[in-house]
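Take a look at the letters that make up each chain.
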Amino acid sequence: MTTRRSTLADFTSRLTDLAAAIAARDPDGVDYTLRLAVAETLYLFHDRLRSEDRAFDRAAFIERLDQARVMVDRLDAVRAAPGVARVERPPYEIYVADLYSRCWAKYDDPQFDATIDMFAERFALNGVGLERFEGVEALDAGCGSGRYTMAMAKLGARHAHGVDLSERAVREASARARRMGYGDRVSFAQRSVIDLPAEWTNRFDFVCSNGVVHHTPDPIKGLAEIARVLKPGGEAFIMVYGKGGSFWALTDFCREILTPVPLDVADAYLELRATPVGKIFFCLDHWYTQYQERVTLKEFESRLAAAGFTEIRYLPRARVYDASERMARYPEEADIIEDPDMRYLARKTQ
């Protein structure tokens, strides 16, 4: 007898049902432990499955979803005590700055150094020469911890500038760069990617923006700003989220059930569980960012062209857990991935 293969619809219907079950048992949104336990186990289990160098185990994920539903069904309903109120989140700029600052601060210098080389690795996996960084003036637009700012300096940039919304991120990136020996080859400033200085027009040879513009309130303006500060003929490396698939269905489920749970509580919960620092970042990044735009490959390539980019090159090869790499290795996963996260190397029109 042939067993029917689970589909994206099977995943999403179970997630919808599970979210409703949680809402029924915790209508006031006060059972943080329940919500975090369900989000953590499903999110990191899904991550483990897509990190294995084999086709995604659909049956195992369905089984885990069903186990979560059984657990929720066995719980009694929880009601808020008198006077318990939901915590309101602060404005976007403050919230996103706090989120990324706290995540990167968890990395010690050896752990951080290991992340720096991922930049060069992605280029090498796609056959892109690293000599393009020799002697350039570069910008890391939305630098966070400064890992890619330092990566470009390490690859030979004359100077690499990092900008970020977070004052704490800028301060800690500057201190880490000094400790790690990057000296005056890098610098950092607190600025918004969607509002870069007017005097930077046509300034930079290379701009990196890795996973940033989709977290802004105006991703199209962010892309336009990247193009504006590039010199004619300059290049940009840009990463944005793709659209659809089981990962984003699961992400939206986690965002829904964790809406009442403060960021501080989720952070402390994951630390208590001895979650590796990279996985804490992975969870909080996807669960708590206010803006999280996702687009199709076709739509984003159109945006690049409209912003003035030519020689648009898609860079799909990556580590096995990246959706674009899984599409290359396991094309049968296309139905549960849909549009993968995308990385592009693009040149500004002369």
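Anything mentioned here points back to the structure above.
Numbers given to residues run from 1 along each chain, matching the order in which its sequence is written. Owing to the predicted nature of the model, reporting of local features is limited to residues with pLDDT of at least 70; listing and counting of side-chain atom pairs is limited to 80 or more, with chain, interface and lining totals taken over all residues. Hydrogens are left out, water is left out, and the side-chain values use all remaining heavy atoms of the structure.

1. Quick word on helix α3 (residues 58-73)
Here a helix means four or more residues in a row that DSSP labels H or I, a strand means two or more in a row labelled E, and each is numbered from the N terminus. Given a helix with a known number of residues, its expected span is that number minus one, times 1.5 Å. The end-to-end C-alpha separation of α3 is 23 Å, in line with the 22 Å expected for 16 residues at 1.5 Å each. Partly exposed residues are those whose accessible area sits between 20% and 50% of the maximum for their type, while under 20% is buried and over 50% is exposed, using a 1.4 Å probe and protein chains only. Those residues of α3 that fall on the buried side of the exposure criterion are Arg-58, Ala-60, Phe-61, Ile-62, Leu-65, Ala-68 and Val-72. In what follows, residue pairs with any heavy atoms lying within 4.5 Å of each other are defined as contacts. Check the buried side of α3 and you find it contacts α1 (8-25), α2 (32-50), α10 (246-257) and α15 (334-337).

2. Description of the sheet that holds strand β5 (residues 230-240)
One bridge is not enough; two strands pair if DSSP finds at least two bridges between them. Across the sheet, seven strands lie side by side as β3-β2-β1-β4-β5-β7-β6; this open sheet has mixed pairing. If you trace the sheet from one side to the other, it starts and ends with β3 (186-190) and β6 (309-314), each paired once. On average, each strand axis in the sheet is tilted by 20° relative to the strand beside it, whichever way the strands run. The pairing of strand β1 (residues 137-141) with strand β2 (residues 159-164) spans five bridges and is classified as parallel. Opposite Asp-140, over in β2, you have Gly-162 as the bridge partner. Note on method: axes are straight lines fitted to C-alpha atoms, helices fitted across the in-contact stretch only, with angles between N-to-C directions ranging 0 to 180 degrees. Across the sheet, helix α9 (residues 219-229) lies against β1, β4 (204-210), β5, β6 and β7 (342-348), angled at about 145° from β5, the strand it touches most.

3. What to know about unusual backbone geometry
Phi is positive for Asn-202, close to 60°, though the residue is something other than glycine. Locating Asn-202 in the fold gives a position in the loop between β3 and β4. Residues other than glycine seldom take positive phi values, yet Glu-311 does so here, at roughly 45°. Within the element layout of this structure, Glu-311 appears in strand β6.

4. Examining the pattern of salt bridges
It is possible for side chains of opposite charge to pair when their charged atoms get near one another. We count a salt bridge whenever a side-chain nitrogen from Lys or Arg sits within 4 Å of a carboxyl oxygen from Asp or Glu. This structure, assessed with the given rule, holds 40 salt bridges. With its nearest N and O atoms 2.5 Å apart, the salt bridge here joins Lys-106 to Glu-271. Pair noted here: Lys-106 is in the loop between α4 (92-105) and α5 (109-116) and Glu-271 is in helix α11 (residues 263-272), with a separation of 165 residues, a long-range link. Here Lys-106 falls in the buried class, since its relative accessible area comes to 18%. Between Glu-172 and Arg-168 there is a salt bridge; the shortest N-O distance is 3.0 Å. Residue Glu-172 and its partner Arg-168 are both found in helix α8 (residues 167-179); the two are separated by four residues, about one turn of the helix. Judged by relative accessible area, Glu-172 falls into the partly exposed class, the value being 28%. One salt-bridge network, held together by shared partners, links Asp-98, Arg-102, Lys-106, Asp-264, Asp-267 and Glu-271.

5. Topic: the environment of Tyr-269
Looking at the secondary structure, you find Tyr-269 in helix α11. By relative accessible area, Tyr-269 is classed as buried at 16%. In the structure, Tyr-269 is positioned 229 residues away from Glu-40 in sequence and 9.6 Å away in space, judged by C-alpha atoms. Tyr-269 has contacts with Leu-36, Ala-37 and Glu-40, leaving out every residue within four places of it along the chain.

6. Observations regarding α5
It helps to recall that an α-helix has 3.6 residues per turn; residues three or four apart then point in one direction. Residues of α5 that are buried: Phe-112, Thr-115 and Ile-116. Down the axis of α5, the smallest arc covering the buried residues is 110°, so these residues share one side. Residues of α5 that are exposed and angled more than 90 degrees away from the buried face: Pro-110 and Ala-114. Contact partners of the buried residues in α5: α4, α6 (118-125), α7 (147-154) and α8. The opening residue of α5 is Asp-108, an N-cap whose side-chain oxygen sits 2.8 Å from the backbone nitrogen of Gln-111. The arc refers to the directions leading from the helix axis to the C-beta atoms. For the purposes of these results, a polar contact is taken to be a pair of N or O atoms within 3.5 Å, where, inside protein, one atom must be able to donate a hydrogen and its partner to accept one; residues adjacent in sequence count only when each atom of the pair is a side-chain atom.

7. A look at the packing of α1 against α10
Look at α1 against α10: their axes get within 10 Å of each other, and the N-to-C directions meet at 5°. Classed by the angle they form, the pair α1 and α10 counts as roughly parallel. Residue-level inspection shows Leu-8, Phe-11, Thr-12, Leu-15, Leu-18, Ala-19 and Ile-22 of α1 in contact with α10, the latter providing Ser-246, Ala-249, Leu-250, Phe-253, Glu-256 and Ile-257. For this scheme, ten residues count as nonpolar: Ala, Val, Leu, Ile, Met, Phe, Trp, Tyr, Cys and Pro. Four count as charged, namely Asp, Glu, Lys and Arg, and the remainder, Gly too, count as polar. Looking at the contact of α1 with α10 residue by residue, the class counts come to ten nonpolar, two polar and one charged. Put simply, angles under 35 degrees are roughly parallel, angles over 145 are roughly antiparallel, angles from 65 to 115 are roughly perpendicular, and the rest are oblique.

8. Comments concerning the pairing of β3
In this sheet, β3 lies alongside β2 in parallel orientation, the contact comprising five bridges. Looking at β3, one finds that His-161 is bridged to Ser-187. With α8 bridging β2 and the parallel β3, this β-α-β connection has right-handed handedness. Assignment of crossover handedness uses the view with strands pointing away from the viewer, where a clockwise path from the first strand over the helix to the second indicates a right-handed crossover.

9. Some remarks on the side chain of His-215
By secondary structure assignment, the location of His-215 is in the loop between β4 and α9. Within the structure, the side chain of His-215 is placed 3.3 Å from the side chain of Tyr-241, a separation counted as a polar contact. Aside from chain neighbours lying at most four places away, what touches His-215 is Tyr-92, Tyr-100, Tyr-241, Asp-285, Thr-289, Tyr-291 and Gln-292.

10. Some thoughts on the environment of Arg-58
One can find Arg-58 in helix α3. For the pair Arg-58 and Arg-35, spaced 23 residues apart in sequence, the C-alpha separation works out to 23 Å. In this view, Arg-58 contacts Arg-5, Ser-6, Thr-7, Phe-11, Glu-332, Glu-333, Asp-335 and Ile-336; residues no more than four positions away in its chain are not counted. Engagement of the side chain of Arg-58 in a polar contact is seen with the side chain of Asp-335, the distance being 2.7 Å.

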